[in-house]
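Coordinates in review
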Amino acid sequence: MTKTIVQIRNEAAASLSPEEQQQWEQFLTPMPVAQQAVGLFTSTVAPVRILDLGSGSGILGAVSARNSASGSSVVAIEQDSALASCSETSLQQVCSDVEVINRSVFDVFLEPEFDRVILNPPYKKISPVSIATSSGSVKVTNLYTAFLAMAIQSLADGGECVAIIPRSWMNGEYFKDFRKWMLHECSLDALAVYGSRHDHFRDMNILQEIMLLKISKRAQIKGIEVYPDATPAIPLEKQQHETVKLDSMLMGRDCILRVQQQDARLSGFETMTDQGLWVSTGKLVWFRNRDVLSADEQQDGHPLYWSDNQDGLMTVHPVQCNREQWVTREADSHNVVLPAGSYCLVNRFSSKEQHHRIYASYLRSDVDFVADNKLNYVHQGTSRRTVPLDDKVAQGLTVWLSSSIVDEWYRQVSGSTQVNATDLRQLPCPSRMQLGMLADRLPPDNDVSQHRIDATIERLFSWVQVS
Ligand SMILES: C[S@@+](CC[C@H](N)C(=O)[O-])C[C@H]1O[C@@H](n2cnc3c(N)ncnc32)[C@H](O)[C@@H]1O
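1. Side note on the sheet that holds strand β11 (residues 242-244)
Within the open sheet, the nine strands sit side by side as β3-β2-β1-β4-β7-β9-β8-β10-β11. Their pairing is mixed. Only two strands of the sheet have a single neighbouring strand rather than two, namely β3 (97-101) and β11. Put simply, the sheet's adjacent strands are angled 15° from each other on average, direction ignored. One ladder, built from five bridges, connects strand β4 (residues 114-119) with strand β7 (residues 155-166); its direction is parallel. Each bridged residue has a counterpart across the sheet, and for Arg-116 the counterpart in β7 is Glu-160. Against the sheet, helix α6 (residues 143-153) contacts β1 (49-53), β4, β7 and β9 (210-216), and its axis sits at roughly 165° relative to β7.

2. Topic: the sheet that holds strand β16 (residues 293-294)
Across the sheet, which stays open at both edges, the five strands sit in the order β16-β20-β17-β24-β21 with mixed pairing between neighbours. Two strands in the sheet have a free side with no partner beyond their single neighbour: β16 and β21 (337-338). Inspection of the sheet shows strand β17 (residues 302-305) paired to strand β24 (residues 369-371) by two bridges, in the parallel sense. Following the sheet pairing, Leu-304 is matched in β24 by Val-370.

3. Some remarks on the site of the ligand
If you check the shell around the ligand, you find 22 residues, and the closest are Glu-25, Thr-29, Gly-54, Glu-78 and Val-105. Backbone polar atom of Gly-54 to a nitrogen atom of the ligand: 2.7 Å apart, as the coordinates give it. One of the side-chain N or O atoms of Ser-104 is found 3.1 Å from a nitrogen atom in the ligand. Burial of the ligand by the protein amounts to 97% of the accessible area it has alone, namely 580 Å². Cavity membership is defined here by more than half of the atoms lying within 2 Å of grid points; on that basis the ligand lies in the second largest pocket. Of the residues contributing to the shell around the ligand, the split by class is 11 nonpolar, eight polar and three charged.

4. As for the pattern of salt bridges
Inspection of the entire model under this criterion finds 15 salt bridges. Where Glu-173 meets Lys-176, a salt bridge forms, and the shortest distance between an N and an O atom there is 3.2 Å. The partly exposed category is assigned to Glu-173, whose relative accessible area is 42%. A salt bridge links Asp-391 to Arg-364, with the nearest nitrogen and oxygen atoms 3.5 Å apart. One end of the pair, Asp-391, is in helix α10 (residues 391-401); the other, Arg-364, is in strand β23 (residues 360-365), and 27 residues separate them in sequence. Look at Asp-391 and you get partly exposed, because its relative accessible area is 23%. Through salt bridges with shared partners, a single network forms among Arg-116, Glu-160 and Lys-214.

5. Concerning the side chain of Thr-456
Tracing the backbone through its elements, the reader meets Thr-456 in helix α14 (residues 450-460). With a relative accessible area of 8%, Thr-456 lands in the buried category. A polar side-chain atom of Thr-456 sits 2.5 Å from the main-chain carbonyl oxygen of Arg-452. Ignoring anything within four residues of it in the chain, the contact list for Thr-456 reads Leu-438, Arg-441 and Leu-442.

6. What about the side chain of Ser-187?
Mapping Ser-187 onto the fold places it in strand β8 (residues 187-194). The exposure class of Ser-187 is buried, given its relative accessible area of 0%. One polar contact links Ser-187 to Asp-189, side chain to side chain, over a distance of 2.6 Å. Every residue in contact with Ser-187, bar those within four places of it in the chain, is listed here: Lys-214, Ile-215, Ser-216, Arg-218, Ala-219, Gln-220 and Ile-221.

7. Description of the packing of α6 against helix α7 (residues 176-185)
As a packed pair, α6 and α7 sit with axes 11 Å apart at the nearest point and diverge in direction by 15°. Here α7 runs roughly parallel to α6, going by the angle between their axes. For the pair α6 and α7, the crossing hand works out as left-handed. Two secondary-structure elements touch here, α6 through Thr-145, Leu-148, Ala-149 and Ile-152 and α7 through Phe-178, Trp-181, Met-182 and Glu-185. Across the contact of α6 with α7, the residue classes tally to six nonpolar, one polar and one charged.

8. Quick word on a negative patch on the surface
Residues Asp-291, Glu-330, Asp-332 and Asp-368 make up a contiguous surface patch of negative charge. Structurally, Asp-368 can be placed in the loop between β23 and β24. The class of Asp-368 is partly exposed, set by a relative accessible area of 34%.

Conventions adopted
- Residues numbered from 1 in each chain as written.
- Predicted model: local features only at pLDDT ≥ 70, side-chain atom pairs only at ≥ 80, totals over all residues.
- Heavy atoms only, no water.
- Pairing = 2+ DSSP bridges.
- Helix = DSSP H or I, 4+ residues; strand = E, 2+ residues; numbered from the N terminus.
- Axes fitted to C-alpha atoms, helices over the stretch in contact; angles between N-to-C directions.
- Contact = heavy atoms within 4.5 Å.
- Near = heavy atom within 4 Å.
- Polar contact = N/O pair within 3.5 Å; in protein donor to acceptor, adjacent residues only side chain to side chain.
- Areas by Shrake-Rupley, 256 points an atom, 1.4 Å probe, with all protein chains shown as cover.
- 1 Å grid on protein atoms, 1.4 Å probe; cavity = no way out; pocket = protein on both sides within 12 Å on 5 of 7 lines; lining within 4 Å.
- Sits in = over half its atoms within 2 Å of the grid points.
- Nonpolar A, V, L, I, M, F, W, Y, C, P; charged D, E, K, R; others polar.
- Salt bridge = Lys/Arg side-chain N within 4 Å of Asp/Glu carboxyl O.
- Buried < 20%, exposed > 50% of the residue type's maximum accessible area, 1.4 Å probe, protein only.
- Parallel < 35°, antiparallel > 145°, perpendicular 65-115°, else oblique.
- Left-handed = near helix turned anticlockwise from the far one by under 90°.
- Patch = residues over 30% accessible without salt bridge, like charges linked within 9 Å, V, L, I, M, F, W, Y side chains within 5 Å.
- Lys, Arg positive; Asp, Glu negative; His and termini not counted.
- Charge placed at Lys NZ, Arg CZ, Asp CG, Glu CD.

Next comes the structure, spelled out in structure tokens:
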């Protein structure tokens, strides 16, 4: 009896060895996600040439072919030979013109001749490499953007590509080059963000926030369809979505893309960068600076701050924890010491369980100090020179960054639990004078409640009546 595409996929998923699954990122797409992804392609009466990159069991290519006009063809590339043979079996069920190439996609030369390219690529981080393209080289830092760059290159004019990828390319420094290149190369047509990543690849045990991305090889279209909280359980057209212009999604020179429209209450504010505030990352990487760490205060040494030193909205020192609270005077020659003064520290990491993504604390240090690399610090200098903040600005900024409206903004911009400096720099921020007023109304304290923070901000900006 012939097996269905779903049976082939499920048997392939069950037979994967955990080691190979991890090594090659063999997280196979379930049928509801595959159908929703393929549903984003424009249907045509004419046959199309389909390409499936990293085809696994062949589910994406097969569903694409099943939804396309007869006479369509599929090329699938899969480096695992067992999965390549599953691809062959799946694709033969629905299409008579099939070529399965059992090689790495990076060893195959592809002409720009495909009308439909579909992929759920591996999501692994890689050391940055430049990929040569017909319009100059593009730096990629992850296998999925490397696959996407290949996918885009293989599109014929007017061709469409749908990818199942993490959301991480939309923000942050690592993907900046790729974002700019991609937006220059093609039109962004649709985005569907799956709120909960765990739900949709249930048997695959993955913990990435994923999305569907549709792009096409043509000039940017006017209305991008954005589904900010999609689920594969319901047809996309029946789900909440907006049609937006690219400009309204883009933020700053780094081309950060926002999924949802910004809260109107934030529209009057400039960004942190516009306010002359700069976000830098703490300079001490502990395992490279072990020689200067000290459990005791040293003459001519400096206090060392970790996220352990954040306590409510305050930064306290020293604290009882299993990390050294001081550095020796030798740290002076390691280029890690920051000038005494007032700052706002922001933890670069949060966990899924934490109530807030952004965890900010006010620091006033009367002596030069050192901040661990897992902390960002806000100052009024540049990337090369650290200049402490005015004390009231540091206090007000800490309260601002601890508000629910800012946390909500950040979650819309980033699907990851990491809080990076590039995104924070684009954050809407009151003027320094307003930050000072905020500090007067609510000086940071280590047990100030969320309700008080939000209520103080609402009153200061007269949002109470609006909301
Ligand atoms: C996330 S899985 C998705 C598989 C399939 N497209 C799907 O949606 O179910 C990624 C696939 O890419 C394959 N793969 C990883 N690196 C590859 C490479 N360099 N060239 C070709 N295939 C690769 C893996 O073996 C795996 O089957």
